[in-house]
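Fold and geometry: a report
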Amino acid sequence: LIDVLGQEAMFNCTTCAACVEICPVSNNPAEVVMEFRRHFVMERSEMPDTMAAANANLETREHPFVGTAATPEDWRRGLDVPFFQSGKTEYLLWIGCSVTYEERTQEIARAMVKIFEAAKISYGILEEARCTGDPAKMMGNEMQFVEMAEANIEEFEERNIHKVITVCAHCYNSFDRYYPELGAKWETIPHSVFIDQLISEGRLTVARSVEDKITFHDPCYLSRHNGIVDSPRNVISALGELIEMPRAGKESFCCGAGGGNYWGGQGGTARISDVRAQEAFDTGADKIATSCSFCNLMLTSSATKHSEQRKVFDVAELVVEKIRIVE
């Protein structure tokens, strides 16, 4: 079967889980695809060239972003960002590789720092940059994932970390779904869920404008994989008017980055992110929001074909624009 289907089909899958969501008899083709990938990578040593380069970078530099000029300190220049202190800090703000090494998504981390400060939350980051290893797992390199995950788990235990905030849906999914199988015991909270909690508890006050028309793109790894649909919508509704796309929630359409395809060559005649960006612009909304750093990168790239102005924002960036400081 693996020879009949071929390598290209296996690695073009974005692991978005739409097939799982719609299957009337609860089959899980996505897990079968992952097993095929593991066979290609670990038994045959075969992988598409761009993914292979990303994997090699993970092995040598512990992140998949080949050729990046960014350093782990870049995103926090000019900011007073505390490091996590065992026994003193409540939350670890997990930055992740896509936010560390991509200039556009570095702004998400800066926004989260401002949100923590406005809400007076005890938080800190790790001094060194780290990756969950999720890209390796999604591209079939299970051994590399386990090695990186076990190193992270050991460090978290040494630092007595119990609560983690993520800004990437893939980081959240790995921490919450795969890390416990290796012994992880901390609580992981997606940043959109955390922001929703802060607003609902009155710890963060934002100004709402009915003139702001915002549509929301659901990250597959939050909506379908983990059932997180309402929290980001609550945040957006606290800021302006939410305009839904036809495909939304658990029926959302993928951005195209999943399954390691941020580094892959997607098949077909149209880029997946271009199709999704078109759907977002068709709503007539002024802004396109999402709650995953990879979705942000993919949609930002495609949105430039429609407008020279920035149209794609993370929910944290939109919140920072509307924070009201209440003494």
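My aim in this report is to walk through the structure given alongside it, one point at a time. (Residues numbered from 1 in each chain as written. Predicted model: local features only at pLDDT ≥ 70, side-chain atom pairs only at ≥ 80, totals over all residues. Heavy atoms only, no water.)

A look at unusual backbone geometry
The phi dihedral of Thr-15 is positive, around 50 degrees, even though this residue is not glycine. Tracing the backbone shows Thr-15 in the loop between helix H1 (2-12) and helix H2 (18-22). Relative accessible area serves as the criterion here: at 3%, Thr-15 is assigned to the buried category. Here the phi dihedral of Glu-62 falls at roughly 65 degrees; this positive angle occurs in a residue that is not glycine. (Helix = DSSP H or I, 4+ residues; strand = E, 2+ residues; numbered from the N terminus. Buried < 20%, exposed > 50% of the residue type's maximum accessible area, 1.4 Å probe, protein only.)

So, the side chain of Ser-192
Along the chain, the position of Ser-192 falls in helix H10 (residues 191-200). Judged by relative accessible area, Ser-192 falls into the buried class, the value being 0%. Each residue touching Ser-192, except ones within four places of it in the same chain, is listed here: Leu-222, Ser-231, Pro-232, Val-235, Ser-291 and Val-315. (Contact = heavy atoms within 4.5 Å.)

Overview of the packing of helix H12 (residues 230-239) against helix H15 (residues 315-322)
At a minimum axis separation of 10 Å, H12 and H15 run at an interaxial angle of 30 degrees. Classed by the angle they form, the pair H12 and H15 counts as roughly parallel. Once H12 is placed against H15, the crossing between them reads as left-handed. Packed against H12, whose contacting residues are Val-235, Ile-236 and Leu-239, the element H15 presents Val-315, Leu-318, Val-319 and Lys-322 at the interface. Considering only residue class, the contact of H12 with H15 consists of six nonpolar, no polar and one charged. (Axes fitted to C-alpha atoms, helices over the stretch in contact; angles between N-to-C directions. Parallel < 35°, antiparallel > 145°, perpendicular 65-115°, else oblique. Left-handed = near helix turned anticlockwise from the far one by under 90°. Nonpolar A, V, L, I, M, F, W, Y, C, P; charged D, E, K, R; others polar.)

A short note on empty space enclosed by the protein
Within this structure, the stated rule accounts for six cavities of 30 Å³ or more. Each pocket or cavity is described by its volume, and for the largest cavity that value is around 140 Å³. Lining the largest cavity are 15 residues, and of these Ile-95, Leu-126, Glu-128, Ala-129 and Arg-130 sit closest to its centre. A class-by-class count of the residues in the lining of the largest cavity yields nine nonpolar, two polar and four charged. (1 Å grid on protein atoms, 1.4 Å probe; cavity = no way out; pocket = protein on both sides within 12 Å on 5 of 7 lines; lining within 4 Å. Points joined across faces, edges and corners; volume = space filled by probe spheres on them.)

Section: the packing of aromatic side chains
Under the definition given, this model contains 20 aromatic pairs. Arranged with centres 4.8 Å apart and planes meeting at 90 degrees, the rings of Phe-175 and Tyr-179 form a pair that is edge-to-face. Residue Phe-175 is classed as buried on the basis of its relative accessible area of 1%. A relative accessible area of 0% means that Tyr-179 is categorised as buried. Judged by centre distance (5.3 Å) and plane angle (70 degrees), the rings of Tyr-262 and Phe-294 are edge-to-face. With Tyr-262 in the loop between strand S7 (241-242) and helix H13 (272-282) and Phe-294 in helix H14 (residues 293-303), the pair connects residues that are 32 residues apart, well separated along the chain. By relative accessible area, which is 23% here, Tyr-262 ends up partly exposed. Assessed through its relative accessible area of 6%, Phe-294 is described here as buried. (Phe/Tyr/Trp six-rings, centres within 6.5 Å; stacked < 30°, edge-to-face > 60°.)

What about the sheet that holds strand S1 (residues 91-94)?
Pairing is parallel in the open sheet, where four strands are placed in the order S2-S1-S3-S4. Only two strands of the sheet have a single partner each, and these edge strands are strand S2 (123-124) and strand S4 (187-190). The sheet contact formed by S1 and strand S3 (residues 163-166) spans three bridges and is parallel. The partner of Leu-92 across the bridge, within S3, is Val-164. Set on the sheet, H10 makes contact with S1, S3 and S4; between it and S4 the angle comes to about 80 degrees. (Pairing = 2+ DSSP bridges.)

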